[in-house]
Amino acid sequence: RINDLLIIFWTRFATRILHISNPIIIIYEPRYACTLGKIGELLSCYEIADDRLEFTQVPRWIEQKIDLLIKKSDLITLSANNLFVKINKKRKNDLHIVGNGVDLEFFKNGGVIFPRPSDIPKINNPIVGYIGAIGEWFDFNLIEMVLQSCSDLFFIIIGPIFPEQMVNANKLEIFYSNIKFLGKK
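Before going into details, it helps to say that this report is about the structure given with it. For every chain, the first residue of the written sequence is number 1, and numbering continues from 1 along that sequence. Per-residue local features of the predicted model are confined to residues with pLDDT of at least 70, and side-chain atom pairs are confined, for both listing and counting, to 80 or more; whole-chain, interface and lining totals are unaffected and use all residues. Hydrogens are left out, water is left out, and the side-chain values use all remaining heavy atoms of the structure.

A closer look at the sheet that holds strand β6 (residues 154-158)
By the convention used here, strands pair only if DSSP detects at least 2 bridges between them. Each helix is a run of H or I in the DSSP string that is no shorter than four residues. Each strand is a run of E no shorter than two, and both are numbered from the N terminus. Taken together, three strands build an open sheet; the order of strands is β5-β6-β7 and the sheet is parallel. Each of the sheet's edge strands pairs with one partner strand only, and the pair in question is β5 (127-131) and β7 (179-183). Mean inter-strand twist for the sheet, computed between neighbouring axes without regard to direction, equals 15°. In this analysis, axes come from line fits to C-alpha atoms, helices being fitted only over the stretch in contact, and the angle between any two N-to-C directions falls in the range 0 to 180 degrees.

Listed below in structure tokens is the structure:
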């Protein structure tokens, strides 16, 4: 409760100091749900990119904040169909899927050629990349099966590795020559 009051106070303070009237707020982090209706916003949007409650390290009190955002936000954007289906059970209107995207034209023509970073091995194999955090949701068993069946491909994994996943990442690098974890960039 004290954290909520501090968040509201500092948000109001910042909008006053910066002479922001009728702000439009986009909330990604549920802990800021307490600001809804408290700063004179013209419009509020809750952006849902992940099902946070599926992660074991998310505190259970976040669920109340998520429910508040689902109920009170003017609109909700979601990154995937499965999130839409789940949220649509709680709310029927003003849900918009804004999927993760890629500029196909850029990649279709090979994109811009940049020099190879020094931490990417000099290999001639096609490279498959993953950019994102490596947490409990990262399917190491699937990656291992793919590494075995696609030995002609080289896999580069970029993103922070959660401490409890470090052993799994190290194991794959030791046993397979076609994968490299580069960590956070």
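Things to note about a nonpolar patch on the surface
Two joining distances apply to patches: 9 Å for like charges and 5 Å for nonpolar side chains (Val, Leu, Ile, Met, Phe, Trp, Tyr), and every residue must have over 30% relative accessible area and no salt bridge. All accessible areas in this document rest on Shrake-Rupley with a 1.4 Å probe, and a residue is counted as covered only by the protein chains that are shown. Any carboxyl oxygen of Asp or Glu that lies within 4 Å of a side-chain nitrogen of Lys or Arg is treated as forming a salt bridge with it. Taken together, the side chains of Ile2, Leu6, Phe9, Trp10, Phe13, Ile17, Leu18 and Ile20 define a hydrophobic patch exposed on the protein surface, amounting to about 850 Å² of accessible area. Structurally, the position occupied by leucine 6 is in helix α1 (residues 2-17). Only protein chains enter the calculation, and the probe is 1.4 Å; a residue is then buried if its accessible area is under 20% of its type maximum, exposed if over 50%, and partly exposed in between. Assessed through its relative accessible area of 44%, leucine 6 is described here as partly exposed.

Quick look at the sheet that holds strand β1 (residues 24-27)
Spatial ordering of the open sheet is given by β1-β2-β3-β4, a layout of four strands whose pairing is parallel. Single-partner strands in this sheet number two, and they are β1 and β4 (95-97). Mean inter-strand twist for the sheet, computed between neighbouring axes without regard to direction, equals 20°. A contact between two residues is defined here by any heavy atoms of the two lying within 4.5 Å. Contacts from helix α2 (residues 62-72) reach β1, β2 (43-48) and β3 (75-78) within the one sheet, and its direction differs from that of β2 by about 130°.

Thoughts on the nonpolar core
Residues belong to a common nonpolar core when they are buried Ala, Val, Leu, Ile, Met, Phe, Trp, Tyr or Cys residues joined through side-chain atoms within 4.5 Å. By size, the foremost hydrophobic cluster in this structure holds 19 residues, and its most contacted members are Tyr46, Ile48, Ile76, Leu78 and Ile87. Secondary structure elements with two or more residues in this core: β1, β2, α2, β3 and α3 (81-88). Ranked by residues supplied to this core, first place goes to α2 with four residues. Counting residues in hydrophobic clusters, the runner-up holds 13 residues, among them Phe138, Leu147, Leu172 and Tyr176.

Concerning the packing of helix α5 (residues 140-149) against helix α6 (residues 166-175)
Relative to each other, α5 and α6 sit at 5°, their axes nearing to 11 Å. Taken together, the axes of α5 and α6 lie roughly parallel to each other. In this structure, α5 contributes Phe140, Ile143, Glu144 and Leu147 to the contact, and α6 contributes Asn168, Ala169, Lys171 and Leu172. Classifying every residue of the contact of α5 with α6 gives five nonpolar, one polar and two charged. Any angle between 65 and 115 degrees counts as roughly perpendicular, while under 35 counts as roughly parallel, over 145 as roughly antiparallel, and the rest as oblique. Basically, the charged four are Asp, Glu, Lys and Arg, the nonpolar ten are Ala, Val, Leu, Ile, Met, Phe, Trp, Tyr, Cys and Pro, and anything else, Gly included, counts as polar.

Comments concerning a positive patch on the surface
Where like charges cluster on the molecular surface, the positive patch consists of Arg1, Arg12, Arg16, Lys38, Lys71 and Lys72. For the positive patch, the secondary-structure elements that each account for two or more residues are α1 and α2. Note that lysine 72 resides in helix α2. For the charge count, each Lys or Arg is scored as positive and each Asp or Glu as negative, with His and the chain ends excluded. For this purpose, a charge sits on NZ of Lys, CZ of Arg, CG of Asp or CD of Glu.

Re the packing of aromatic side chains
Two aromatic rings, drawn from Phe, Tyr or Trp (for Trp, its six-membered ring), form a pair once their centres lie within 6.5 Å of each other, and the interplanar angle then sorts them: stacked below 30 degrees, edge-to-face above 60, tilted otherwise. Taken as a whole, this structure holds eight aromatic pairs when the rule is applied. Counting every residue linked through ring pairs, the aromatic cluster contains Tyr130, Phe138, Phe140 and Phe181. Only when the NZ of Lys or the CZ of Arg is both within 6 Å of the ring centre and within 35 degrees of the ring normal is a charge said to sit over the ring. In this arrangement the basic side chain of arginine 52 is found over the ring face of tyrosine 28, its NZ or CZ atom lying 4.7 Å from the centre.

Remarks on the environment of phenylalanine 155
Note on placement: phenylalanine 155 falls in strand β6. For the pair phenylalanine 155 and lysine 92, spaced 63 residues apart in sequence, the C-alpha separation works out to 40 Å.

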